[in-house]
Amino acid sequence: MKQIKNPLVANIDRSNGEIEISIAKKYDEKEEAMYKSFMSVCSTEDKELVDTSDMDKNQTMKACGMQYDKMRSAINEVGEGGLTEKQKKLPPALQKAILEKMKKEGKLSEEAEAAYSKLLSKDDQKEKEVGPEGEIKKVDNPKDVKVSEKHKG
């Protein structure tokens, strides 16, 4: 997947008979990380934030960008030392990004710090691999293994 970039916005001022054009990034540095996290989750998880399952890459990015603009105020809300109720309903990856932003800004309470650590520990845990029981057998001589017609290459 290509790198997610902060979109540019052009402003055109036609006052006093002169035209002034300015181009700037849409989101400031503080919000840019949140935007990128949102877009990453939205574009990879088809039905998490907006249903993008039947869309190509360009349509997905447009739909996710519009969804970010709709949810922007809730995502960037400042809670008292932790996540707000609206933010607690967001996917864990976004909650983590919000808590990271708050930690960098020094706005994280001790309780929220514990929640942040818990979120990190969940991400760090590897899922246990589970194999089909009774189907795996140790074979001493590979020549003794019979391969079904379906699995022959």
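Look up a bit, the structure's there.
Conventions and cut-offs
- Residues numbered from 1 in each chain as written.
- Predicted model: local features only at pLDDT ≥ 70, side-chain atom pairs only at ≥ 80, totals over all residues.
- Heavy atoms only, no water.
- Helix = DSSP H or I, 4+ residues; strand = E, 2+ residues; numbered from the N terminus.
- Contact = heavy atoms within 4.5 Å.
- Areas by Shrake-Rupley, 256 points an atom, 1.4 Å probe, with all protein chains shown as cover.
- Axes fitted to C-alpha atoms, helices over the stretch in contact; angles between N-to-C directions.
- Parallel < 35°, antiparallel > 145°, perpendicular 65-115°, else oblique.
- Left-handed = near helix turned anticlockwise from the far one by under 90°.
- Nonpolar A, V, L, I, M, F, W, Y, C, P; charged D, E, K, R; others polar.
- Phe/Tyr/Trp six-rings, centres within 6.5 Å; stacked < 30°, edge-to-face > 60°.
- Buried < 20%, exposed > 50% of the residue type's maximum accessible area, 1.4 Å probe, protein only.
- Patch = residues over 30% accessible without salt bridge, like charges linked within 9 Å, V, L, I, M, F, W, Y side chains within 5 Å.
- Salt bridge = Lys/Arg side-chain N within 4 Å of Asp/Glu carboxyl O.
- Lys, Arg positive; Asp, Glu negative; His and termini not counted.
- Charge placed at Lys NZ, Arg CZ, Asp CG, Glu CD.

Novice: Would you explain the overall build of the protein in this entry?
Specialist: Secondary structure assignment for the protein yields 5 helices and 2 strands. The N-to-C order of helical and strand elements in the protein reads β-β-α-α-α-α-α. Long-range pairs, those at least 24 residues apart, make up 42% of the contacts in the protein between residues at least 6 apart in sequence. When the accessible surface of the protein is split by element, carbon and sulfur atoms take 47% of a total near 12300 Å².

Novice: Before we go on, may I ask you to explain the packing of helix α1 (residues 29–44) against helix α2 (residues 57–75) in this structure?
Specialist: Packed helix pairs are characterised by how far apart their axes lie and by the angle those axes make with each other. Remark: α1 packs on α2, axes separated minimally by 9 Å, with the N-to-C direction vectors making an angle of 130 degrees. One way to sum up the angle between α1 and α2 is to call them oblique. When you trace α1 past α2, the crossing you get is right-handed. Contacts between α1 and α2 involve E31, M34, Y35, F38, M39, C42 and S43 from the former and T60, M61, C64, G65, Q67, Y68, M71, R72 and I75 from the latter. Split into classes, the residues belonging to the contact of α1 with α2 amount to 10 nonpolar, 4 polar and 2 charged.

Novice: How should the packing of aromatic side chains be read in this particular structure?
Specialist: In this description, an aromatic ring pair is defined by two values, namely the gap between the centres and the angle between the planes. All told, the structure shown has 4 aromatic pairs when counted by the stated rule. Arranged with centres 5.3 Å apart and planes meeting at 80 degrees, the rings of Y27 and Y68 form a pair that is edge-to-face. You can see Y27 sitting in the loop between β2 (20–25) and α1 and its partner Y68 sitting in helix α2, a full 41 residues away along the chain. A residue is classified by how much of its surface remains accessible, and Y27, at 3% relative accessible area, is buried. A relative accessible area of 0% places Y68 in the buried class. Each member of the aromatic cluster is reached from another via a ring pair, and the members are Y27, Y35, F38 and Y68.

Novice: Any chance you could explain a negative patch on the surface here in plain terms?
Specialist: There is a patch of like negative charges on the surface, built from E45, D46, E48, D51 and D54. Within the secondary structure, D51 sits in the loop between α1 and α2. The class for D51 is partly exposed, based on a relative accessible area of 44%.

Novice: Which parts of the structure should I look at to understand the packing of α1 against helix α4 (residues 92–105)?
Specialist: Between α1 and α4, whose axes approach to 9 Å, the crossing angle comes to 165 degrees. Accordingly, the angle class assigned to the pair α1 and α4 is roughly antiparallel. The way α1 lies across α4 gives a crossing that is right-handed. Seen from α1, the contacting residues are K30, M34, S37, F38 and V41; seen from α4, they are A93, L94, A97, I98, K101 and E105.

Novice: Explanation requested: a nonpolar patch on the surface in the structure shown.
Specialist: There is a patch of nonpolar side chains on the surface, built from L8, I12, I19, I21 and I23 and spanning about 570 Å² of accessible area. Of all the secondary structure elements, the ones that give two or more residues to the nonpolar patch are β1 (8–13) and β2. You can see L8 is positioned in strand β1. On the basis of relative accessibility, which here comes to 61%, the residue L8 falls in the exposed class.

Novice: When you look at the pattern of salt bridges in this model, what are you seeing that I'm missing?
Specialist: Oppositely charged side chains can pair when the atoms bearing their charge come close. Tallying each qualifying case throughout the model produces 4 salt bridges. Note that K26 and D69 form a salt bridge whose closest N and O atoms lie 3.1 Å from each other. In this pair, K26 is assigned in the loop between β2 and α1 and D69 in helix α2, connecting sequence segments 43 residues apart. Given the relative accessible area of 36%, D69 is considered partly exposed. For the salt bridge of E32 with K36, the shortest nitrogen-to-oxygen distance reads 3.4 Å. In this pair, E32 and K36 both sit in helix α1, 4 residues apart, roughly one turn of the helix. E32 gets classed as buried once you look at its relative accessible area, which sits at 14%.

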